[in-house]
Amino acid sequence: MKVFVTGSGGQLGQDLMLLLQGQDYEVLGCDRQEMDITDLDQCQEIIGAFAPDAVIHCAAHTAVDAAETDVDAAYLINATGSRNVALAAEKAGSKLVYISTDYVFDGMGVQPYHEYDNTDPKSIYGKSKRAGEILVQSLSSKFFIVRTSWVYGKYGNNFVKTMLKLGQEKPLLQVVDDQKGSPTYTVDLARFLLELIQTVKYGVYHASNSESCTWYEFTQAIFAEAEDILGLKFTAKLEPCSTEQFPRPAPRPRNSVMEHLAIRTNGFQDIRPWREGLRDFLLEMK
C-alpha cells in the first residue's frame, strides 16, 4: 500500500512516518519545503506522480493564538490548503484522511461530543479547521475526518514537555483546572490511522486516548509518572487555577471530551486510556 503524508516533519507526521516505514508500506512524506499545500498545481503534480492509495493530511496551521490576528494565514493553510490536498487526492483516486480538532465544537456542552453533534467553533483556528472539514467532505469521495485533542509526542513542542521543564524550574506552577479533555499520544493516534486506511469505513471519527482529565489533573499525572519512570524531582508547587486567571487571545473549549462513537460502531478497538499512553511516552523519552 502506498501512503502519502503531508506535514511529515510535524509532531504527528514524524511518528506516522516511522510507523509506516517500519511496516510494509511504500511511503512518501512531504513537509512545507517539499510541497506547498497552498499551491494547487504543486499538490496535484506531486501527489499525482506518487499515485498513493491513501493520503494522510497532517499539515496544518496550529498556532491557536496567532490565528486570531493572522486570519488569512489560518484559512489559507487549513481551508485552501486542505481543499488543494483533497482535489489532488481525488484526482489520484486516493483515500484521504484529514486530521481535525476538538476546537470545531464550542466546548460549552456538559456531555462528551460525538461525531454527529453540531459544530460551533469559537476560535479562528477552530473555524478554519471546520472549513477544511467541509471542503474535504464536499470534494473527496473517500474521506476520513479524524478529530483529535491535546496531542503530544516525542517530536516538537507540547504540553507534556513544557510541564516537565517548568516543573523542575519554577517554584510555583498554576495550571487550569476548569478545561477538560483527553490527552492523545501521537503513537496511539498514528496506529489508529494506519488501521483506518486499510478499510473503506469512511466518515467522521473522534480519536483521542480514552478517559478524560483537566489540564491540572494531567499535570499531576505527568509529575507522578515522570518521578516514577524518569526519576525526576519537581521543585514546583502545583496549584489549580481558572481559565479567567490565564486570559489568551483565542478562546479555549471548556469541554473537549469527545465520544468515540464511530470507533465503536465501525468495529474498531477503542484507543487505550490516556494515562497508559503517557507512561509509554515517558518510557520512550527515557
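Residues numbered from 1 in each chain as written. Predicted model: local features only at pLDDT ≥ 70, side-chain atom pairs only at ≥ 80, totals over all residues. Heavy atoms only, no water.

Chemist: I tried to follow the overall build of the protein on my own but got confused; where do I start?
Modeler: In terms of regular secondary structure, the protein is built from 10 helices and 12 strands. Relative to the globule expectation of 19 Å for 286 residues, the C-alpha radius of gyration of the protein, 19 Å, shows essentially globular dimensions. Principal-axis analysis of the C-alpha atoms gives the protein an extent of 55 × 40 × 40 Å. Of the accessible surface of the protein, which amounts to about 12,500 Å², a share of 49% is contributed by carbon and sulfur atoms. Mean positive and mean negative side-chain charge positions of the protein (28 and 38 charges, respectively) differ by 2 Å. (Helix = DSSP H or I, 4+ residues; strand = E, 2+ residues; numbered from the N terminus. Rg over C-alpha atoms; globule rule 2.2 N^0.38 Å. Areas by Shrake-Rupley, 256 points an atom, 1.4 Å probe, with all protein chains shown as cover. Lys, Arg positive; Asp, Glu negative; His and termini not counted. Charge placed at Lys NZ, Arg CZ, Asp CG, Glu CD.)

Chemist: Please explain the pattern of salt bridges as it appears in this structure.
Modeler: Side chains that differ in charge, positive against negative, can pair when their charged atoms come close. All told, the structure shown has 16 salt bridges when counted by the stated rule. One salt bridge in this structure joins Arg191 and Asp188, with 3.4 Å as the shortest N-O distance. With a gap of 3 residues between them, Arg191 and Asp188 both fall in helix α7 (residues 186–197), about one helical turn apart. The exposure class of Arg191 is partly exposed, given its relative accessible area of 46%. (Salt bridge = Lys/Arg side-chain N within 4 Å of Asp/Glu carboxyl O. Buried < 20%, exposed > 50% of the residue type's maximum accessible area, 1.4 Å probe, protein only.)

Chemist: Can you walk me through the packing of aromatic side chains in this structure?
Modeler: What characterises a pair of aromatic rings is the spacing of the ring centres plus the angle enclosed by the ring planes. Per the stated rule, a full pass over the model turns up 19 aromatic pairs. With 3.5 Å between their ring centres and 15° between their planes, Trp150 and Trp215 make a pair best called stacked. Residue Trp150 is located in the loop between β5 (143–148) and β6 (151–152), and its partner Trp215 is located in helix α8 (residues 215–230); the two are separated by 65 residues in the primary sequence. Residue Trp150 is classed as buried on the basis of its relative accessible area of 10%. (Phe/Tyr/Trp six-rings, centres within 6.5 Å; stacked < 30°, edge-to-face > 60°.)

Chemist: What is the right way to read a negative patch on the surface from this model?
Modeler: A cluster of acidic side chains, namely Asp36, Asp39, Asp41 and Glu45, defines a negative patch on the protein surface. Checked against the element boundaries, Asp41 lands in helix α2 (residues 40–50). (Patch = residues over 30% accessible without salt bridge, like charges linked within 9 Å, V, L, I, M, F, W, Y side chains within 5 Å.)

Chemist: Explain the nonpolar core here, please?
Modeler: In this structure, Leu16, Ile56, Val146, Leu193 and Tyr205 are the most contacted members of the largest nonpolar core, which totals 28 residues. Put simply, the parts of the chain that give this core at least two residues each are β1 (2–6), α1 (11–22), β3 (54–57), β4 (95–101), β5, α7 and α9 (261–265). For Ile56, the contacting residues outside a window of four places in its chain are Val3, Phe4, Val5, Thr6, Leu16, Val97, Ile99, Leu193 and Ile197. Residues Leu173, Tyr216, Ala221 and Phe223 belong to the second largest nonpolar core, which totals 27 residues. (Core = buried A, V, L, I, M, F, W, Y, C linked by side-chain atoms within 4.5 Å. Contact = heavy atoms within 4.5 Å.)

The analysis is restricted to geometry; functional conclusions fall outside its scope.
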